[in-house]
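# Structural overview for review
These are the residues of each chain, in order.
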Amino acid sequence: MIGLIGLGAMGGGYATRLMEQNCEVLCFDTMPEARARVQGKGASVAASLEVLGLTCKTIILSLPKAAIVEAVMAELGPHLRPGTIVIDTSTSEPDTTKRLSAIASDNDYHFLDGPVSGGPLGARTGTMTMVVGGDEDAFAKVRPLLEKMTGKLLHIGPSGAGHTVKIANNLLCAANLVLMGEMAQMAERAGISLAELLAGVNAGSGRSGVSEVNFPKWITNEAYDSGFTMGLMRKDVGLATGLADRLGISLPATEVIAAIWEQSRDMLDDSADFNEIYKYRKRSNA
Ligand code: NAD
């Protein structure tokens, strides 16, 4: 029985995907609507974290942020059986992750970080990318399960490595969205259309996931329905600046990008689609 904690845009998709793959899941979420959604799809819901911890030897977390992961583990940890493997797919803080992994080792269970890319559609269809940090033997044990959830699955390094790489990945995505907004303005003023700009960039060394995926899927067609919010991306940008501070390094370009994501609050609240930062940036010389 696989435990799933956090049944939002991502975790709800995991539940459906794993049931389709003939896995038995036991789910938990603090929000009644989230519990009802997976129950409606045939999943079992645990009455408490204690029940889930006592029942499941493999547990997947998909929670909003590090403080919530830590609070859930404080409640869940004492009920876990020896050998249990917890995989945290949330985008979280590497220092918290390392601390939770050390507590896990002291108590005879494992805590792996396995953050993901690919959005709710990737979660639902088992096509996400997952970068894993932590004990290699524990990873080998859960690998067949994680393969059911992912298109690309990489073990990156020790505890915290997955979250560190995920933070870097999302900061690069955040930066590319801002810069593409600025380049679109530049092109427009020079009489070049967005389609022409993208055709050239995607044939050159400036191409990125943003120019190749975000533009056709969510921006050019003004769909803005990726399922990943401004709030989550602002959190991820904050994770990058927070990690740089703790490491005692200066990342001036990252600071500028972080300031732009914060300033965009005057136009975009946390519930807006994160791709809308492109519109915000594009209007800066309007
Ligand atoms: P979400 O807000 O849709 O879902 C989070 C769920 O956690 C909610 O259902 C909430 O009720 C539940 N929750 C909160 N506190 C809880 C607690 N104490 N116990 C149990 N459940 C609790 O968020 P999401 O979009 O599904 O993202 C989840 C994680 O995955 C985040 O860390 C996010 O950064 C990361 N992520 C999201 C995406 C995306 O496209 N949405 C992509 C990659 C990674």
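Residues numbered from 1 in each chain as written. Predicted model: local features only at pLDDT ≥ 70, side-chain atom pairs only at ≥ 80, totals over all residues.

## Digging into the overall build of the protein chain
Definition in use: Secondary structure elements follow DSSP: runs of H or I no shorter than four residues count as helices, runs of E no shorter than two count as strands, and numbering proceeds from the N terminus. For the radius of gyration, the atoms used are the C-alpha atoms, and the globule rule reads 2.2 Å times the number of residues raised to 0.38. For the exposure call, what matters is how many other C-beta atoms sit within 10 Å of a residue's own: 20 or more marks it buried, 12 or fewer exposed, and in between partly exposed, using C-beta atoms placed from the backbone. Note that contacts rest on C-beta atoms placed from the backbone: two residues are in contact if these are within 7 Å.
Summing up its helical and strand segments, the protein chain has 13 helices and 9 strands in all. A globule of 286 residues ought to have a C-alpha radius of gyration of about 19 Å, and the protein chain, at 20 Å, matches this closely. Overall size of the protein chain, expressed as C-alpha extent along the three principal axes, is 65 × 45 × 35 Å. Split into buried and exposed, the 286 residues of the protein chain put 45% on the buried side. Taking the contacts inside the protein chain whose residues are at least 6 apart along the sequence as the reference set, 64% of them involve residues at least 24 apart.

## Things to note about the site of the ligand
Convention followed: Contact assignment follows one rule, namely that a residue is near a molecule or strand if its backbone-placed C-beta atom lies within 6 Å of it. Residue ranges labeled as domains rest on an automatic or database domain assignment.
Neighbouring residues of the ligand: 27 residues in total, closest Gly6, Gly8, Met10, Ser90 and Phe228. Examining the composition of the shell around the ligand, we find that 3 residues originate from one element, helix α4 (residues 66-76), more than from any other. Summarising the domain contributions, the shell around the ligand has at least three residues from each of domain 1 (2-157) and domain 2 (164-285).

## Notes on the domain arrangement of the protein chain
We count it as follows: Classification used: nonpolar for Ala, Val, Leu, Ile, Met, Phe, Trp, Tyr, Cys and Pro, charged for Asp, Glu, Lys and Arg, polar for all others including Gly.
We note that the domain assignment places domain 1 (2-157) and domain 2 (164-285) within the protein chain. On a C-alpha basis, the centroid separation for the pair domain 1 and domain 2 is 28 Å. Taken together, the 12 residues of domain 1 in the interface contact 14 residues of domain 2. Its residues assigned to classes, the side of domain 1 that touches domain 2 comprises 6 nonpolar, 3 polar and 3 charged.

## A short note on the UniProt feature "active site" (unreviewed entry) in the protein chain
Note the threshold: UniProt positions are given in the numbering used here, feature names are shortened, and annotations may be inferred rather than shown by experiment.
Those residues carrying the UniProt feature "active site" (unreviewed entry) are Lys166 in this numbering. With respect to the helices and strands, the residue Lys166 is situated in helix α8 (residues 161-189). Residue Lys166 is classed as buried on the basis of its 27 C-beta neighbours within 10 Å.

## Focus on the confidence of the model for the protein chain
Selection rule: In predicted models, pLDDT denotes the confidence assigned by the predictor to each residue on a 0 to 100 scale.
Chain-level pLDDT for the protein chain is 97 on average; 99% of the residues reach the 70-or-more range. Within the protein chain, the element-level pLDDT minimum falls on helix α13 (residues 277-282), averaging 88, and the maximum on strand β4 (residues 58-61), averaging 99.

## Concerning the nonpolar core
Under the convention used in this document: Among buried residues, those of type Ala, Val, Leu, Ile, Met, Phe, Trp, Tyr and Cys that are joined through C-beta atoms within 7 Å form a set called a nonpolar core.
If you look at the biggest cluster of nonpolar residues, it comprises 46 residues, and the most contacted ones within it are Leu4, Ala15 and Cys27. The next biggest cluster of nonpolar side chains, apart from the first, holds 30 residues, and it includes Cys173, Trp218, Ala240 and Tyr278.

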